[in-house]
Amino acid sequence: MSAGAGGARRATAGGGDAGVFRRLGGVRPSQLMWAYGVGAMVDLPNMSVMVAGLDDWEADHQGVLSEDRLLGEVRRALGDQVAQLRTPPWMQESRSGLDEWARVGVPVVPFPRWLRCTRAGCNYLGPIDSAMFDLETRASRPDRARYVHRCTTKGRRPSAVPARFVVACPQGHLDEFPWMELAHKDAPCAGAPILELVDTTSGTRSTDMTVRCRTCGQYQSLSQAFGDRAGGVLPGCRGREPHLRRFSASGCTEQAKALLLGASNAWFPLTATVVSIPSARGDIDQIVADLWADLAPVPNRAALEYATGAVAALAPLRGYDLDRVWEAAEARRAAGAPAVAATADLYGPEWEVFTDPAALGGSADFKIRPTRAPHGYAGRLGPAVLVERLRAVVAMVGFTRIDGPEAGVPSDEQSVTRAPLARAQPTWVPATQTRGEGLLVRMDEAAVQEWEARVAEADHLGGLEEAYRRWRQRRRLGPGRPWPGPRYLLVHSLSHALLNELSLQCGYAAASIRERIYAREPGPGRVPMAGALLYTAAPDSEGTLGGLVSLGDPTKLGEIVARALQRMALCSSDPMCAAHLPDEGEDSLHASACHACLFVPETSCEQANRYLDRTVLTATLAGAGIGYFQP
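I will try to describe carefully the structure that is included in this document. (Residues numbered from 1 in each chain as written. Predicted model: local features only at pLDDT ≥ 70, side-chain atom pairs only at ≥ 80, totals over all residues. Heavy atoms only, no water.)

1. Looking at the overall build of the protein
Link 1 in the chain: In terms of regular secondary structure, the protein is built from 12 helices and 26 strands.
Link 2 in the chain: For the protein, buried positions account for 52% of its 631 residues.
Link 3 in the chain: Counted over contacts in the protein with a minimum sequence separation of 6, partners at least 24 positions apart contribute 67%.
Link 4 in the chain: Element-wise, carbon and sulfur atoms account for 50% of the exposed surface of the protein, whose accessible area totals about 27800 Å². (Helix = DSSP H or I, 4+ residues; strand = E, 2+ residues; numbered from the N terminus. Buried < 20%, exposed > 50% of the residue type's maximum accessible area, 1.4 Å probe, protein only. Contact = heavy atoms within 4.5 Å. Areas by Shrake-Rupley, 256 points an atom, 1.4 Å probe, with all protein chains shown as cover.)

Pasting the structure below:
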C-alpha cells in the first residue's frame, strides 16, 4: 500500500534490530477511523501488520483538535481522564525517503507472526522469531517491504507471506492460529517439529489446505477448525491483545474462533462524530477557540509572532492582526477554559445553530445560508438550510471483534465488549477531521405534531414498537432506552428517500453522502427537532465541490421531494415490501422498506437501515393511511 495524497500517515514497524523502525506504507487519516484503526490488521502487498495501541504512538508530531462537544462524548465512554483529541503523527514529506518524515508515523507490529514460504516445494511454516526470516525494506519503495525465507542461497530469496488464518473471540482478543496443536492433534511430536502448509489438489475453498509436520509425518486438514467440529480442535481463548503486546490480566473464558486473514468481522470500530459549529461570535474569537490547544502555551505577544511563523498548527493565524489575536487569547485565558462535561446531547447545539444562524457567527469551517421551503411543500416542510461549508470531526473510542456494535446504541449500553485502545486508561484518543457541504431539510413542527397525534394509536406503528422491545430483550439491553417514536421514524424515512434521490442528481454516490438525524419531541427545557442533514465530506483541506448545495434551490428541491415520494409509493418488491411488519421470528426494525426502495449503503445511515417505513411518508399498497404527505 503506497502512500496516498492528502496527508497520508506513515506506518512503521520494528525491524530485526531493536529501536530501528522501517517505513512500510501509508494510509489516510480517515482510514485510521473506519478501516485501519488501533487493533486492526492492515493487509499490505507482501505482509500483514497490526496498528499498535496508543501507548506506542509518538506525541511529538501529533496535532490537537479542539472540539469540546466531541471530547465530552468521548469522556462519557472512556472517563474524565481523557484530555485531548489528537490527530495521527505526521510530518510534511520531502523528496528524500531518508529524511526524518519517513520515520514518523503510526506504529505497527507484524501480525500474524506465522509466515509461509512461497517457493515451490518449500512451503515452510514458522513464526517470525524462528530466525528463518528476514525483513527487507527499501526507503524509496515502502510498498515492496517483505519478509524472505532463508531456504536458499541461490538467486533472489523467496517471499514469506502471512499464514492466512487467525483466531479471535467476542471479548476483543486475537491470537495466532494454533498450528502446532492442530498438526499434532492425534499425538505429540517425537522430535523438534518443523511444519509446512500445502494446498490440497481441489483448492476450491480457503480451507482446502493441510498442515504437516516434517519431523513426525503427522498432518491435518484446516477444514477441521471450522464448522461444527471446530470446538474439539481449537483451544480456549488465551486473552491475547497483540496491539498492546500483552495478555488480558483477567484471562478469557470464551472459545476461540478461527477467522480468515482479512475477514470483515475481525475488527469493528467504535467512533463518535460531531459536526463542528461556531463557539464564539467573532472570527478572531472563533479561531482562537479552534487553535486554543496550541495557542495556550504561548507566553507573551512577542512569542506569538514567532510561533505563528514556526509552528505549523498556528499557521492559520498569519492572516490576522496578531494584536487582536493576543487580546482574544488573554481574554479567554482570564475567563478560564470552558468546562468540558460528559454529555449525551450532541445534536441539540447543532440544531439550534442550523435553525437560528444569527445566534452565532460563521467561521472558516462553518457557513450556512437559509432558504425557503421546497416549492409545493410549504406547510409540510420548513425552510431548508444550505450548509455551504462544514467540518465533521470523528474520534475513536474502541473497537470490537466477531460481533459489531449496534448502530444507534450508546457506547455505554452496547451488548458487545469494547476492546481497549491502550494498556492504561487513555488520556487522549485519535481523531480526524473532514470538510465538506450539506443540505438540511426541515419539517414543519406544527404539522409534525399534528401528524403524531393522528397516528398515535395506529396498529402499524404499535407493531414496530413491539418489535423494538423484542429486539432489546434478545440483546439483553434492558428497558432503559425508549422506542425512538413516530417522529424519528418519519424523519429517518424521509432522509433515506431524499438521499437516494439526491445521489442521482448531485454527482456524489449514495455511499459518499451521510445523514445526521435531528428528531426530538417537545418537552420541558428542550427544543423540538425534526429534520435531517445530508452531507458529504472529504479529507482534503478544501472540502467538496458544492453538488449538494446546488440542489437546495426551493424549485429544484421541491422537484426532488416530489420524485422521492413518487418512488416511495410503489416498490419493485411490492406487495411483500409494503405489507412487511416484523414478527416474533424476525430481528429487523423496519416495516415497509427494502433494498429496492429505502435502504442506503451502511456508510450513509447512522442506524444501519433500521427505523424505516415508507408508509409514514405516503400511501402504499398496504393502505395504512398514515402518510405524512398524504392529502
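Still to come is the rest of the account.
2. Quick notes on the sheet that holds strand β20 (residues 257–260)
Link 1 in the chain: Read across the sheet, 3 strands follow the order β14-β13-β20 without closing on themselves; strand pairing throughout is antiparallel. Of all the strands in the sheet, just β14 (174–176) and β20 have a single pairing partner and so form its edges. On average, each strand axis in the sheet is tilted by 40° relative to the strand beside it, whichever way the strands run.
Link 2 in the chain: Where strand β13 (residues 165–168) lies against β20, 4 bridges are found, and the strand directions are antiparallel. Residue pairing across strands places Phe 165 opposite Leu 260, the latter belonging to β20. (Pairing = 2+ DSSP bridges. Axes fitted to C-alpha atoms, helices over the stretch in contact; angles between N-to-C directions.)

3. Concerning helix α6 (residues 301–310)
Link 1 in the chain: Burial in α6 covers these residues: Leu 304, Ala 307 and Thr 308. Taken down its axis, α6 places every buried residue within 100° of arc, on the same side. Set apart from the buried face of α6 by more than 90 degrees, the exposed residues are Ala 302, Tyr 306 and Gly 309.
Link 2 in the chain: Where α6 begins, the side chain of Asn 300 points an oxygen toward the backbone nitrogen of Ala 302, at a separation of 3.2 Å. (Arc of directions from axis to C-beta. Polar contact = N/O pair within 3.5 Å; in protein donor to acceptor, adjacent residues only side chain to side chain.)

4. Brief notes about the nonpolar core
Link 1 in the chain: If you look at the biggest cluster of nonpolar residues, it comprises 63 residues, and the most contacted ones within it are Met 443, Leu 617 and Phe 629.
Link 2 in the chain: When contributions to this core are tallied by element, the ones reaching two or more residues are β24 (428–442), α9 (445–455), α10 (459–474), α11 (486–503), β26 (529–538) and α12 (554–569).
Link 3 in the chain: For this core, the element with the highest residue contribution is α11, accounting for 9 residues.
Link 4 in the chain: Apart from the residues lying within four places of it in its own chain, the contact partners of Met 443 are Arg 380, Leu 381, Gly 382, Val 448, Leu 490, Val 491, Leu 494, Ala 530, Tyr 628 and Phe 629. (Core = buried A, V, L, I, M, F, W, Y, C linked by side-chain atoms within 4.5 Å.)

5. Focus on the pattern of salt bridges
Link 1 in the chain: Counted according to the given criterion, the structure contains 33 salt bridges.
Link 2 in the chain: With a closest N to O distance of 3.0 Å, Glu 196 and Arg 212 form a salt bridge. Remark: Arg 212 occurs in strand β16 (residues 209–213) and Glu 196 occurs in strand β15 (residues 195–199); sequence separation between them is 16 residues.
Link 3 in the chain: On the basis of relative accessible area, Arg 212 is assigned to the partly exposed category, the value being 32%.
Link 4 in the chain: Between Asp 365 and Arg 435 there is a salt bridge whose closest N-O contact spans 2.7 Å. (Salt bridge = Lys/Arg side-chain N within 4 Å of Asp/Glu carboxyl O.)

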